Amino acid sequence: MGPIAAPIIVIATMVVVIIGLNSRYQALGGEVSQLEQERRELLQALGRAESRWARMLFPHRIEAALTRHRIDMIWPDDRLIVRLSEDEVFGAVFDRSLMRGEVASLSRGR
């Protein structure tokens, strides 16, 4: 009985391990699918938010918001506006890949 029991125990143990691993892989696959869906939803929300911000930056919308909040402001005289190029702000040797979109782009050479 000893020589027959050892292979049966090894096979049974392997079956249990394989079933456990398969179950774990399926659970992880479901979690990955859920996270991918959440990522898609967040990217859509980001796109909508960026679109709203872009629309709010039109001069007529800014003026409407100022009027709505009873803020009396005027646009600055062009002589008072200071324009800086990227080189003036970041230096001549600047790697744009370091920004990763977190800093607003400045017009070059103005």
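All chains use their own residue numbering, which begins from 1 and follows the written sequence. In view of the model being predicted, local features appear only for residues whose pLDDT reaches at least 70, and side-chain atom pairs are presented and counted only at 80 or more, with totals across whole chains, interfaces and linings using the full set of residues. To get the side-chain values, all heavy atoms of the structure are used, and hydrogens and water are removed first.

Undergrad: Looking at this structure, how should I read the overall build of the protein chain?
TA: Each helix and strand counted, the protein chain has three helices and zero strands in total. Runs of E in the DSSP output that reach at least two residues are strands. Runs of H or I that reach at least four are helices, and both are numbered from the N terminus. Taken from N to C terminus, the helices and strands of the protein chain fall in the order α-α-α. For the protein chain, with 110 residues in total, the buried portion stands at 4%. Accessible surface area values rest on a Shrake-Rupley calculation with a 1.4 Å probe, where residue burial reflects the displayed protein chains alone. Split by element, the accessible area of the protein chain, about 10200 Å² in all, is 63% carbon and sulfur. Relative accessibility thresholds used throughout: buried, under 20% of the residue-type maximum; exposed, over 50%; partly exposed, between the two (1.4 Å probe, protein chains only).

Undergrad: Would you mind showing me how to read a nonpolar patch on the surface here?
TA: For patches, a residue must show more than 30% relative accessible area and have no salt bridge; joins then use 9 Å for like charges and 5 Å for nonpolar side chains, namely Val, Leu, Ile, Met, Phe, Trp and Tyr. Within this document, salt bridges are pairs made up of a side-chain nitrogen of Lys or Arg and a carboxyl oxygen of Asp or Glu, the two lying within 4 Å of each other. Where nonpolar side chains cluster on the molecular surface, the patch consists of V17, L21, Y25 and L28 and spans about 370 Å² of accessible area. With respect to the helices and strands, the residue Y25 is situated in helix α1 (residues 2–56). Y25 gets classed as exposed once you look at its relative accessible area, which sits at 56%.

Undergrad: Is there a simple way to explain the pattern of salt bridges in this structure?
TA: Two side chains carrying opposite charge are able to pair once their charged atoms lie near each other. On inspection of all chains with the given rule, the structure shows one salt bridge. With a shortest N-O distance of 2.5 Å, D77 and R79 are connected by a salt bridge. D77 gets classed as partly exposed once you look at its relative accessible area, which sits at 33%.

Undergrad: For this particular structure, what's the right way to read the confidence of the model for the protein chain?
TA: Note that predicted coordinates carrying low pLDDT should not be read in detail. A score between 0 and 100, pLDDT records how confident the predictor is in each residue. This prediction gives the protein chain a mean pLDDT of 83; 82% of its residues lie at or above 70. Across the protein chain, the secondary-structure element scoring lowest on mean pLDDT is helix α3 (residues 86–90), at 80, and the one scoring highest is α1, at 92. In what follows, a contact means two residues having at least one pair of non-hydrogen atoms within 4.5 Å. Taken as a whole, residues 102–110 scores under 50 in pLDDT and shows 14 contacts with residues more than four places along the chain or in a different chain.

Undergrad: For this particular structure, what's the right way to read a positive patch on the surface?
TA: When charges are counted, neither His nor the chain ends are considered; positive counts come from Lys and Arg and negative counts from Asp and Glu. Where a charge lies is defined by one atom per residue type: Lys uses NZ, Arg uses CZ, Asp uses CG and Glu uses CD. Together, R48, R52, R55 and R61 make up a positively charged patch on the protein surface. At three residues, the largest contribution of residues to the positive patch is made by α1. Here R61 lies in helix α2 (residues 59–68).

Undergrad: Teacher, can you tell me more about unusual backbone geometry here?
TA: Negative phi values dominate among residues other than glycine, just as trans dominates among peptide bonds. With phi around 55 degrees, R70 is a residue other than glycine that occupies positive phi space. Counting through the fold element by element, R70 comes out in the loop between α2 and α3. On the accessibility criterion, R70 (79% relative accessible area) is exposed.

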